[in-house]
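Report on the structure
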Amino acid sequence: MEPRDGPARACRAPRLLVLALLLGAHPGAQAEEPLPGSSLVEVMKGEPVALNCTALVAHDHFVLEWFLADRSGVRHRLASAQQQGSELQGRVHDSRGRSPPYQLDSRGHLVLTEAQVGDEQSYVCVVRAGAASTEATTELRMFAKPEATEVFPNKGILSVVEDFAQEIATCNSRNGNPAPQITWYQNGQPLPVPMEVNAEGYMTSRTVREASGLQSLTSTLYLRLRKAHRDASFHCSVSYDLPMGRRGRLDSPAFHLTLHYPTENVDFWVGSPSTTEGWVREGDSVQLFCRGDGNPSMEYVFFRLQDKQENVLKTNLEGNLTLEGVQRGQSGTYGCRVEDYDAAEDAVLSKTAELRVAYLDPLELSTGEELSLHLGNSTTVNCSVQGLPTPALRWTKDFVPLGNGPTLSLSSITFDSAGTYVCEASMPTVPLLSRTQSFKLLVQGPPQLSAEESQPQTEGGWREGDEVRLVCSARGYPEPKLSWSQLGGSPAEPALTGQGWVSSSLTLKVTSALSREGVSCEASNTHGKKQHVFHFGSVAPQTSQAGVAVMAVAVSVGLLLLVVAAFYCMRRKGRPGCCRRGEKGALPPGDPQLSHSGSERPEQKGLLMGGASGGARHGSGGFRDEAPE
C-alpha cells in the first residue's frame, strides 16, 4: 500500500527532475533559453560537454536512463544508472559507434569528450522513482569555425563592351557548421546583388555537406562590367555562427580585374627638359610621351606634321619617343595616334603638340678682344646676337652692371674706365641658356703717379738713421716704368688696389744728405713721364751721437788753448811776469842766476830762461833743464 505522502511526492518529483535537467551543463557548453520541456546546449567542435540529468527526489532508490532520439522519434538507450544508498552505479549500454564512446560520470552526467558533428541530436533523460516517472529532452547544437576563405577571381581579360553579366570570381568556405553565409564587396562596400539571374549582376550559392558532416558553401559573382571597374577592389566575406548568438567573419584577399576597354581619350606631351613655357634647349635630348586610356595598351604611332602630311617617326607599345640632340630645324608640330579598332567612332584617338627648340648663337662685338683709346676719348661698342626666343642683353664691367641693351657708350674715358667689359645674352624663359662675349679696354696716356711714405716714429720728426719705406704707384698705358734716384728699389708689381696700378717700394735710412737732396721716383712711358720727390725736412742727430760730438769739440778747444798759451809765452822772451800769472810772488833777492855761455844767442837765452823758470817752479812744462858736465 502506498504511503500517504506518496501521491504528493509523485507530483513533486517530475517538477524537481525537470528543474534539475534544465540546470545541467558542462562549463564548456552554453545554453540558450530552452523550449518548454527541453533545454539547448551549445558547444564548439572538439570541446568536451556533459549533459546533466541529476534527479532531486527524496527516494533512496531511483533509476536514471539516457536515450538518443533519432529524427524518426525512435529512442536508443545509451546508458543507465541506479541509486544504491548514497552511491550512483551506472554503465554505458551502447555508444552507437561513437569514438570516443559516451561516458557516464558518478553524478549521472552523460559525457561527450570531444563534440562532433554527429552529436547534434536530441538526448532524453528518464528518471523512475517507484511508480513515478519523468523525463526531459536536451538539444545539443555543435558549432564549427570554417576554414580560411578562398577566392578564385577570373584571370582572363574581361571586356566592358559586353551587354551581359560576366563571371567575376568564386568564393569558397569549407567545413563549417552550421552552413556560413557569403557576402561580396566592392571597394569595401557590400554589393547588393540578388540571387536571380539578370543582365546587370547576380550571385549563385551552393551548400555541400562533407563526409565529416560539416558544411561547405560556394558562391559565384556575376557582374556587367563598366570602365569604372578597372581600378575596383573586390573581395568576399564569410559570416558564421558561434555559441551565445555571436558571429564570426573571415575575409578573403582582395583582388582586381583585368579589363579590356577601348580607348576614349589620348594624352600627348613633351617631357623633360622642357621649360614651363614649352621650350627645349638646342642639343638636349627630348622625350615625347603618348598615353591612351584604353586597355590593353594599343600601338602608338608617332609622327611629325610637315606640309599637312604625317611623317611617321616610330611605332611602339610603350608610348615613348626620344629625340636625341634636337636642333632648331626640328621645331614644329608632333603628334601620336592610338591604333584601337574597338574604339567608338566619336573617340579622339590622335593628339598633337608643338616642339619649340630654343637656340642662342655666339655673340658678336663691334670691336676686337682689345680696344685701345686715349684719355678723354669717347666711343660706342655694339653687341649683336641671334637666338630664339629673343634674348636679353646686358653689359657688365668687372661684374658690376652697366646697363641693358645691345649698345655700350663710353664717353670721356679715364684710367678708371680701363678694364674688361662683358656682354651677356640670356633667355628668362629658358634657364641655363646664355652666352657671353668680352673685350678689354686699354686707356692710352702719360703716367698718373701716386706717392706714399711711412711716417716718422717720433713726434719730433725724422732722426738720423731712421728707416723709411717709400712707395710709388703709377698707372697708364703702356704700363709705366718706375725708377728711383737711390739704389734698392723693388721691381714694379701690380698694386693691391688693382685698376691698372703698379707700384715699387724703396727702403733706406734717413741721413742729413738725403734731407737736403731728397729722394725721387719717376714713372715713364711712351706718352710722357711724371716725377715725385720725397723730402724729410730737418733731420735731428741721434741722442748718443750728439753727446760724443760735444765731448770731441770740448777736447779740441782745450788743446788749442794750451798750444796758443805756450806759444805766447815763448814769444815774450823772458819778460818779467811772463808765464807767471797766477804765482804767489817773485823770486827772492839774492837767488842765484843761471849763467850761460856768451856764445848763445839772445833768443835761445830768453827761451831757456823762460823754460828754466817755468820748469823749476811747476815741473809741468814741456821742457827740462839739463846740468853742465
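Before reading on, note that the structure itself is shown above.
Summary of the structure given here.

Cut-offs used in this document
Residues numbered from 1 in each chain as written. Predicted model: local features only at pLDDT ≥ 70, side-chain atom pairs only at ≥ 80, totals over all residues. Heavy atoms only, no water. Pairing = 2+ DSSP bridges. Helix = DSSP H or I, 4+ residues; strand = E, 2+ residues; numbered from the N terminus. Axes fitted to C-alpha atoms, helices over the stretch in contact; angles between N-to-C directions. Core = buried A, V, L, I, M, F, W, Y, C linked by side-chain atoms within 4.5 Å. Buried < 20%, exposed > 50% of the residue type's maximum accessible area, 1.4 Å probe, protein only. Contact = heavy atoms within 4.5 Å. Disulfide = S-S within 2.5 Å.

**Focus on the sheet that holds strand β25 (residues 320-323)**
The strand order across the open sheet built from 3 strands is β20-β22-β25, with neighbouring strands paired in antiparallel fashion. Two strands in the sheet have a free side with no partner beyond their single neighbour: β20 (266-270) and β25. Neighbour-to-neighbour, the strand axes of the sheet open up by a mean angle of 10°, direction not taken into account.

**Quick notes on the sheet that holds strand β38 (residues 481-484)**
Strand pairing in a sheet relies on backbone hydrogen bonds, with the paired strands running either antiparallel or parallel. Pairing within the open sheet is antiparallel, and its 3 strands lie in the order β38-β41-β42. Because the sheet does not close on itself, it has two edges, and the strands there are β38 and β42 (528-534). On average, adjacent strands in this sheet sit at an angle of 20° to one another, irrespective of strand direction. Pairing analysis gives 4 bridges linking β38 to strand β41 (residues 519-525), with the strands arranged antiparallel. Note on β41: the bridge partner recorded for K481 is S524.

**Focus on the nonpolar core**
With 25 residues, the main nonpolar core has C383, W395, L408, Y421, C423, F439 and L441 as its most contacted residues. Mapped onto this core, the elements with two or more residues apiece are β27 (350-360), β29 (370-374), β30 (379-384), β32 (392-397), β34 (407-410), β35 (419-426) and β36 (434-453). With near-sequence residues (within four places) excluded, F439 lies in contact with L365, T367, G368, E369, L371, V381, W395, L408, G419, T420 and Y421.

**A closer look at the state of the cysteines**
Per the counting criterion, the structure on display carries 5 disulfides. The disulfide that involves C171 links it to C236, with 2.1 Å between the sulfurs. A torsion of 75° about the S-S bond marks the disulfide between C171 and C236 as right-handed. You can see C171 sitting in strand β12 (residues 166-176) and its partner C236 sitting in strand β17 (residues 234-241), a full 65 residues away along the chain. What makes C171 buried here is its relative accessible area of 0%. On the basis of relative accessibility, which here comes to 0%, the residue C236 falls in the buried class. Across a sulfur-sulfur distance of 1.7 Å, C472 and C521 are joined as a disulfide pair. Residues C472 and C521 are joined by a disulfide whose S-S torsion is about -65°; by sign, that bridge is left-handed. One end of the pair, C472, is in strand β37 (residues 467-477); the other, C521, is in strand β41, and 49 residues separate them in sequence. On the basis of relative accessible area, C521 is assigned to the buried category, the value being 1%.

**Thoughts on the side chain of S252**
Residue placement: S252 occurs in the loop between β18 (247-251) and β19 (258-260). For S252, a relative accessible area of 8% translates into the label buried. When residues no more than four places from it in sequence are discounted, the contact partners of S252 are T149, V151, H235 and C236.

**Comments concerning unusual backbone geometry**
A cis amide bond links N177 with the next residue in sequence, P178, at an omega value of -5°. Within the fold, P178 resides in the loop between β12 and β13 (181-186). Of the consecutive residues N295 and P296, the connecting peptide bond is found in the cis state with omega at 0°. With respect to the secondary-structure elements, P296 resides in the loop between β22 (286-292) and β23 (299-306). One non-glycine residue, M244, adopts positive backbone phi at about 65°. With respect to the helices and strands, the residue M244 is situated in the loop between β17 and β18. We classify M244 as partly exposed; its relative accessible area is 49%. One non-glycine residue, F399, adopts positive backbone phi at about 70°. Summarising the element assignment, F399 is placed in the loop between β32 and β33 (400-404). Residue F399 is classed as exposed on the basis of its relative accessible area, which comes to 81%.

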